[in-house]
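Working through the structure, step by step
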Amino acid sequence: QVQLVESGGGLVQAGGSLRLSCLVSGLTFNTYTMGWFRRAPGKEREFVAAISGGTLNWTREADSVKGRFIISRDNAKNTVYLQMNNLKPDDTAVYYCAASWLWSYSPAERHYSNWGQGTQVTISS
């Protein structure tokens, strides 16, 4: 059974930082591309960042978070992280991690086969 479990969400003031974690089990973690998405209140879920699996070595971030958010992974711990710095009220959302069978970059949800339940991030102004 594949499981993705996010943690690390919470309430912080604007300008603060949070690090989200996603522990993955039930699949060969190091071979999967991993992504973070978010759904803000009243909005569609959107791509935030992705990191390659296998022998590839790339990361991608949405323009809205570039320079503030960093995605990384620790294959020995089956965990993907999202370091979020200089947080803004517009970053308030439920954050989801997801696993993709594609080795190439894709921000499209349809390319991600497994999803976590999400963790709430709230930024106060």
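Whatever comes next refers back to the structure up there.
Scope of this entry: the structure provided in the associated data block. Keep in mind it's a predicted model, so treat the numbers as computed, not measured. (Residues numbered from 1 in each chain as written. Predicted model: local features only at pLDDT ≥ 70, side-chain atom pairs only at ≥ 80, totals over all residues. Heavy atoms only, no water.)

What follows covers the sheet that holds strand 8 (residues 79-84). In space, the 4 strands of this open sheet follow the order 1-3-8-7, with antiparallel pairing throughout. Unpaired on one side and paired on the other, strand 1 (3-7) and strand 7 (69-74) mark the two borders of the sheet. With direction set aside, neighbouring strand axes in the sheet form an average angle of 15°. Of the pairings in the sheet, the one linking strand 1 to strand 3 (residues 18-25) comprises 5 bridges and is antiparallel in character. (Pairing = 2+ DSSP bridges. Helix = DSSP H or I, 4+ residues; strand = E, 2+ residues; numbered from the N terminus. Axes fitted to C-alpha atoms, helices over the stretch in contact; angles between N-to-C directions.)

Moving on, we come to the pattern of salt bridges. Counting across every chain of the model gives 5 salt bridges. Ionic pairing is found between Asp-63 and Lys-66, a salt bridge with its closest N-O pair at 3.3 Å. Lys-66 sits in the partly exposed class, given a relative accessible area of 48%. The salt bridge involving Asp-91 is made with Arg-68; its shortest N-O contact spans 2.7 Å. Highlighted residues: Asp-91 in the loop between strand 8 and strand 9 (93-100) and Arg-68 in the loop between strand 6 (59-61) and strand 7, separated in sequence by 23 residues. Residue Asp-91 shares its accessibility class with Arg-68, and that shared class is buried. In the salt-bridge network here, residues are joined through shared partners; they are Arg-38, Glu-46, Arg-68 and Asp-91. (Salt bridge = Lys/Arg side-chain N within 4 Å of Asp/Glu carboxyl O. Buried < 20%, exposed > 50% of the residue type's maximum accessible area, 1.4 Å probe, protein only.)

All right, on to the nonpolar core then. Generally speaking, nonpolar side chains in soluble globular proteins are found buried as a group. Within the largest apolar cluster, 34 residues are counted, with the highest numbers of intra-cluster contacts made by Trp-36, Val-80, Leu-82, Met-84 and Tyr-95. Broken down by secondary-structure element, the contributors of at least two residues to this core are strand 3, strand 4 (33-39), strand 5 (45-51), strand 7, strand 8, strand 9 and strand 11 (119-124). Setting aside residues up to four positions removed in sequence, Leu-82 forms contacts with Leu-18, Arg-19, Leu-20, Trp-36, Val-48, Ala-49, Phe-69, Ile-70, Ile-71 and Tyr-95. (Core = buried A, V, L, I, M, F, W, Y, C linked by side-chain atoms within 4.5 Å. Contact = heavy atoms within 4.5 Å.)

Turning next to the environment of Ala-76. Within the secondary structure, Ala-76 is located in the loop between strand 7 and strand 8. In this structure Ala-76 comes out as exposed when scored by relative accessible area, which is 76%. Separated by 46 residues in sequence, Ala-76 and Asn-30 place their C-alpha atoms 8.5 Å apart.

Moving on: the pairing of strand 4. With 6 of 7 residues buried, strand 4 is to be regarded as a mostly interior element. Relative to strand 9, strand 4 is paired through 7 bridges, and the arrangement is antiparallel. Bridging across to strand 9, Gly-35 finds its partner in Ala-98. Two elements, strand 4 and strand 5, share 6 bridges in a ladder whose sense is antiparallel. Residue pairing for strand 5: Phe-37 is matched across the bridge by Phe-47.

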